[in-house]
Amino acid sequence: MNGLDELGDVKGKTLLVRVDLNSSIEGGKVVGGPRFEVHAETVRELSSKGAKVVLLAHQGRPGKKDFASLKGHAKVFGKSAKRKVKFFDELFSERVLSKIAKMTNGKIFLLENTRFYAEEDLGSPETLMVKQLSGVADAFVLDAFSVAHRPHTSVVGFSGVLPCFAGRALAKEFEALSKLKMPERPVTYCLGGAKMEEVLSLLETSLPGGTVDRVLCSGVAGELFLLAKGVDLGAKKGFLEEKGFTQHLPRFKKLLEEYGEKIVLPEDFAFEDKDGFRVELDLEQVPKVGKPVFDVGSRTIKGFKKIIRDSATVFVKGPAGMYEKPCFEAGTQQLFKAVASCKGFTVVGGGDTGTALKKLGVRASRFGYVSTSGGAMLEFLAGRKLPGLEALND
Ligand code: 3PG
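So, how was this worked out
Residues numbered from 1 in each chain as written. Predicted model: local features only at pLDDT ≥ 70, side-chain atom pairs only at ≥ 80, totals over all residues. Heavy atoms only, no water. Pairing = 2+ DSSP bridges. Helix = DSSP H or I, 4+ residues; strand = E, 2+ residues; numbered from the N terminus. Axes fitted to C-alpha atoms, helices over the stretch in contact; angles between N-to-C directions. Parallel < 35°, antiparallel > 145°, perpendicular 65-115°, else oblique. Left-handed = near helix turned anticlockwise from the far one by under 90°. Contact = heavy atoms within 4.5 Å. Nonpolar A, V, L, I, M, F, W, Y, C, P; charged D, E, K, R; others polar. Polar contact = N/O pair within 3.5 Å; in protein donor to acceptor, adjacent residues only side chain to side chain. Buried < 20%, exposed > 50% of the residue type's maximum accessible area, 1.4 Å probe, protein only. Core = buried A, V, L, I, M, F, W, Y, C linked by side-chain atoms within 4.5 Å. Domains from an automatic or database assignment. pLDDT = per-residue confidence, 0-100. Phe/Tyr/Trp six-rings, centres within 6.5 Å; stacked < 30°, edge-to-face > 60°. Lys NZ or Arg CZ within 6 Å of the ring centre and 35° of its normal. Lys, Arg positive; Asp, Glu negative; His and termini not counted. Salt bridge = Lys/Arg side-chain N within 4 Å of Asp/Glu carboxyl O.

Even after reading the chapter, I still don't get the sheet that holds strand β8 (residues 164–166), so can you show me in this structure?
The pairing of strands in a sheet happens through backbone hydrogen bonds and is either parallel or antiparallel. Taken in spatial order, the 6 strands of this open sheet run β5-β6-β4-β1-β7-β8, and their pairing is parallel. One side of each edge strand has no neighbouring strand; the edge strands of this open sheet are β5 (86–87) and β8. Here strand β4 (residues 52–56) runs beside strand β6 (residues 108–110); their pairing, made up of 3 bridges, is parallel. When the sheet's bridge partners are listed, Val54 is paired in β6 with Phe109.

Okay, structure coming up:
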């Protein structure tokens, strides 16, 4: 892949830069977060060197609640980049093209959500999006590793039409995740959260592939493994059924049967008493309480910490419990801190995990690398080819 150093002098060049500003929207407002920060660095560099930067990005998926215009993103991103970012509510109209053609050096434009246009799904250079925008640009920069698994037009369509380059954020993510694919042993995965499809696809490739030695499971994954083993989790079972998580049980069972010796499960849990205090329970006591548990307990934390300390490589993804509530934050906070103190190479995975770190006051700089990718990172670690990276190689 060619990077920004190969792009050479960017002064006066018009660059289409694909970033990922896909963010949580709370109360109608864009939250921003680690992705905004990493792309802001790339954009600031290009703008300071005199490039005319035209940003392409998406928000949400068609039909979903968070499928929204990027208008609010321009302001939030501008704050991260410490630059003015001008928003256009169009993507490749004559008006936008003529504004781009008249841009002055260092200016930054953000165009409308690429997923508002059916062309985005075609992943083709034969689209108006590519034909019109490439006519006013000198090069395409893919800065978002996190969308590289999507064969979308704004990700792969400019390949072969414009010179294509990897941005700084993409290059850093590629380097760190490549190190995880050829890791120093022993390798420990510390997996929590509620994104079971992601957890399962990672385990179903890394365990048979032999790239992981120990898997510490908390969050919903830990609970599903315990249910698959026949452990009674009392009220939590109904909760997991209601949310549709138990449909994954056969896959968890299969993993346990084949790789059980590598999978480490919680030994105790925490629930909230009637006064809002945290109470911890051994596994056998859990069914007696009549309330669902929402964090791992101290014995589990202690055992997981020891394994983390003795690891040469640690990958942590997802919170151990419902850390948003103070009485359930201990598991996530202590495990994140243990990973941060590990002397080996440590990687924090996924956008949500980065947000949890911030909330719990664990500094991102204490880790080897904090990824801002979700699905793309997992597909990469699972050894799949990512269309965005393939297009850059072409
Ligand atoms: C992400 O949030 O992982 C990326 O923005 C990709 O979003 P998608 O899963 O909706 O394609």
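What is the right way to read the packing of helix α2 (residues 34–48) against helix α3 (residues 71–81) from this model?
For any two helices packed against each other, the geometry is given by the interaxial angle and the distance between the axes. The geometry of α2 relative to α3 is characterised by a closest axis approach of 8 Å and an angle of 70° between their N-to-C directions. Here α3 runs roughly perpendicular to α2, going by the angle between their axes. Judged by the sense of rotation from one axis to the other, the crossing of α2 with α3 is right-handed. Contacts between α2 and α3 pair Phe36, Glu37, His39, Ala40, Val43 and Arg44 from the former with His73, Val76, Phe77, Ser80 and Ala81 from the latter. In terms of residue class, the contact of α2 with α3 is built from 6 nonpolar, 3 polar and 2 charged.

Looking at this structure, how should I read the side chain of Thr332?
When you line up the elements, Thr332 lands in helix α14 (residues 330–341). Side-chain polar atoms of Thr332 contact the backbone nitrogen of Ala320, separated by 3.0 Å. Apart from residues lying up to four places away in sequence, Thr332 is in contact with Asp295, Pro319, Ala320, Gly321, Tyr323 and Leu360.

What is the right way to look at the pairing of strand β1 (residues 14–18) in this model?
Residues in a regular strand point their side chains to alternate faces of the sheet. Burial analysis of β1 places 5 of its 5 residues in the buried class, which makes it a mostly covered element. Residues Thr14, Leu16 and Arg18 point to one face of β1 and Leu15 and Val17 to the other, with burial holding for every one of them. Bridge analysis of β1 against β4 gives 5 bridges, and the strand direction is parallel. By the bridge assignment for β4, Leu15 is matched with Val53.

Help me understand the nonpolar core, please; the structure alone is not making it clear to me.
In a soluble, globular protein the nonpolar side chains are often hidden away together inside. Counting residues in hydrophobic clusters, the biggest one holds 105 residues, and the most contacted among them are Leu111 and Leu133. When residues of this core are assigned to their parent elements, the largest contribution, 7 residues, is made by helix α9 (residues 219–228). When residues of this core are assigned to domains, at least three fall in each of domain 1 (4–171) and domain 2 (183–381). The residues contacting Leu111, other than those within four sequence positions of it, are Val54, Leu55, Leu56, Leu70, Phe87, Phe88, Glu90, Leu91, Val96, Ile100 and Leu133.

Whenever I open this one, the confidence of the model for the chain confuses me. Can you help?
A low pLDDT score tells you not to read the predicted coordinates there in detail. Averaged over every residue, the pLDDT of the chain is 95; the share at 70 or more is 100%. Predicted confidence in the chain is weakest over helix α15 (residues 351–360), with a mean pLDDT of 80, and strongest over β4, with 99.

Explain the packing of aromatic side chains to me, please; I cannot follow it from the model alone.
Geometry of an aromatic ring pair is reported as the spacing of the ring centres plus the angle between the planes. Under the counting rule described, the total for this entry stands at 11 aromatic pairs. On the basis of an interplanar angle of 90° and a centroid distance of 5.2 Å, the ring pair of Phe239 and Phe294 is categorised as edge-to-face. Pair noted here: Phe239 is in helix α10 (residues 235–242) and Phe294 is in the loop between α12 (286–289) and β14 (295–296), with a separation of 55 residues, a long-range link. Look at Phe239 and you get partly exposed, because its relative accessible area is 24%. Take Phe294: its relative accessible area is 16%, and that puts it in the buried class. Stacked on the ring of Phe88, the Lys or Arg Lys86 has its end atom at 5.1 Å from the ring centre. Taking NZ or CZ as reference, Lys181 lies 4.0 Å from the ring centre of Phe380, over its face.

I would appreciate a short explanation of the side chain of Lys52 in the present structure.
Within the secondary structure, Lys52 is located in strand β4. The charged side chain of Lys52 is buried without a salt bridge, its nearest counter-charge being Asp138 at 6.6 Å. A distance of 3.5 Å separates the side chain of Lys52 from the backbone oxygen of Met103, its partner in a polar contact. Ignoring any residue separated from it by four or fewer positions in sequence, one finds Lys52 in contact with Gly12, Lys13, Thr14, Leu15, Met103, Thr104, Asn105, Gly106 and Lys107.

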